[in-house]
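Notes for the structure review
Chain residues, written in single-letter form:
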Amino acid sequence: MRVFLILFIELLGGDVFNTQTALAKGEQSLKLTPQKVVDRLMAEGFEKKFVDLQRNIDSKDYYDAKGFFDFAFEAKTSYEQIHLEPLGPSENEQEETYNFSTKLLKSLGWGSTMSLEYSRDSVRRQLNPFLANNNSLSTFTTDFVHLELEQNLLNNFAGGIHDRRLKMQELLEVRRDEQLLESTEGLIIDGLEQFWKTYVASENLKAAIDTRDHYRRLVQTSQRKSRLGFAAPGELSRVEAEYEQKDQTVKEQSAAYLTELDTLFLLLGVETPPVVEFHTGNEGIPPLPKLEELSIENMRHYKIQRLLTRSIEIQKKIIDSEQTPKLDIVARLSYRGADEEASETFSDLSGWNSPTYFVGLTFQTYLGSSSQKGARQRAIAEYKKSQFQLEKSRLELKNFLQKAHRNVSAWYKIARSSKSTVEKRSKALKQIEAAYTQGRLDVSHVIEAFNLLLLAKTRMTTSIGNYHIWRNSLASLRDELIQEFVTTNGGEASP
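So, here's what we can say about the structure. On a predicted model such as this, the values are computed, not experimentally measured, just so you know. (Residues numbered from 1 in each chain as written. Predicted model: local features only at pLDDT ≥ 70, side-chain atom pairs only at ≥ 80, totals over all residues. Heavy atoms only, no water.)

**Some words on the pattern of salt bridges**
Evaluated as defined, the whole model comprises 30 salt bridges. The residue K48 makes a salt bridge to D52 at a minimum N-O spacing of 2.8 Å. With K48 and D52 both in helix α4 (residues 46–58) and four residues apart, this pair spans about one turn of that helix. Using a relative accessible area of 13% as the deciding quantity, one classes K48 as buried. Exposure remark for D52: the relative accessible area of 30% places this residue in the partly exposed category. (Salt bridge = Lys/Arg side-chain N within 4 Å of Asp/Glu carboxyl O. Helix = DSSP H or I, 4+ residues; strand = E, 2+ residues; numbered from the N terminus. Buried < 20%, exposed > 50% of the residue type's maximum accessible area, 1.4 Å probe, protein only.)

As structure tokens, then:
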């Protein structure tokens, strides 16, 4: 079915030559099936790429929560030189200080933060005479090792806040995976729906061209009757007017088809090819699907909303914990090593002869904080809202399933009935044309039969397309569409 060639002939412009040239060169037409649409959409479609990239973008919050427990490394170095005019016997004219430090930090899973730090300070001085006579050192190096542990005792005791944040993001990661499947299924639905819309437009165009060809022959018949003096008054003009109207319909259908075709290939992320053939399978009206019993709670859309509700519940607990007064204990153990010679300083430090012990408490709370009140109020409202939305989703899914079932059944019956109508209209047209040629019927009966047949063909094509669209929508609601089209490994699936 090379609709594209006929189509460009009907539309004025230079594309006619290009299409005819493509066919003259022996270029093969693109055979398009629902399965090929899905395969191309999943492989190269812009929207699929956007969905996949957005999934990676949305994962940042999860990695931020997980990264809280990462090791952190810090290193610093500095040099300072001071030149002074001494104001007293305790000041030197010149001092040089070299500093280096490195620090390793780690947040632990039970609400603790541990750090290990090593630092070295080297000082070189040009002593004034008074300090030199008092045996002050002109050069010395000091090394320090600090081991510090900070423990939350109240609001984040045992790491509850950070563990909940990580748990919440893990739930949201599962939700994002489910949402990715849902979005992918939505893309398949959009692609298949556009395929069937384009197919319907192409079939409507073919029906319009076929009807116009019938009218062209009818005009020729009326012209012969008019020359012979057998035509009724106004018969030829009436038939010619009908022909002009059907020619206008062809041009309208041509433009509509081109628009739908461009939209389809934009979804697929490729240029519109010169010649397209639509293949819908051996059976244009497949039988009604056989469906197993399905629980609303097991549907993907419901799972997505349930995961969101659970994550919001955890967020509420996090806010409750954060508004608890903060009490932290800090314990630090330090060792010092010092010597005039830098090479001996580390040896002195490794003797662990100069320990320093430190323990401290930090308490912090807010007194009548409006921001805390607002945060808690918002958390409670969001949690209740998510619960209501969960129940609403359950009822909506139940209604959507019932609606999809009804529409699939209705359009199946309409499609089969429309197909039968076309067959009967075609049979009636042949009989009416024969009677008109024999002079037994007026031309108005032929015109009416032509128009009714065109209407029946359009109705049949539209009903077949709607049946497939609702059939795919039902499979999508039941989370079966991806399995039907994507797991076929690129093979031809039944439409």
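**Examining unusual backbone geometry**
Of note, the phi angle at W352 is positive, near 50°, even though the residue is not glycine. Mapped onto the elements, W352 comes out in the loop between α10 (342–349) and β8 (355–364). Of the residues examined, W352 reaches a relative accessible area of 48% and is grouped as partly exposed. Backbone geometry places D479, a non-glycine residue, at a positive phi of 60°.

**So, the packing of helix α7 (residues 160–228) against helix α9 (residues 300–322)**
Between α7 and α9, whose axes approach to 9 Å, the crossing angle comes to 160°. It follows that α7 is roughly antiparallel to α9 by the angle criterion. Where α7 crosses over α9, the two elements pack in a sense that is left-handed. Along the lines of polarity and charge, the residues of the contact of α7 with α9 split into eleven nonpolar, five polar and eleven charged. (Axes fitted to C-alpha atoms, helices over the stretch in contact; angles between N-to-C directions. Parallel < 35°, antiparallel > 145°, perpendicular 65-115°, else oblique. Left-handed = near helix turned anticlockwise from the far one by under 90°. Nonpolar A, V, L, I, M, F, W, Y, C, P; charged D, E, K, R; others polar.)

**Things to note about the packing of α4 against α7**
At a closest axis distance of 10 Å, the pairing of α4 and α7 adopts a crossing angle of 170°. When the axes of α4 and α7 are compared, the pair comes out roughly antiparallel. From α4, E47, K48, V51, D52, R55 and D58 reach across to α7, where they touch E173, R176, D177, L180, S183, T184 and L187. Per-class residue counts for the contact of α4 with α7 are three nonpolar, two polar and eight charged. (Contact = heavy atoms within 4.5 Å.)

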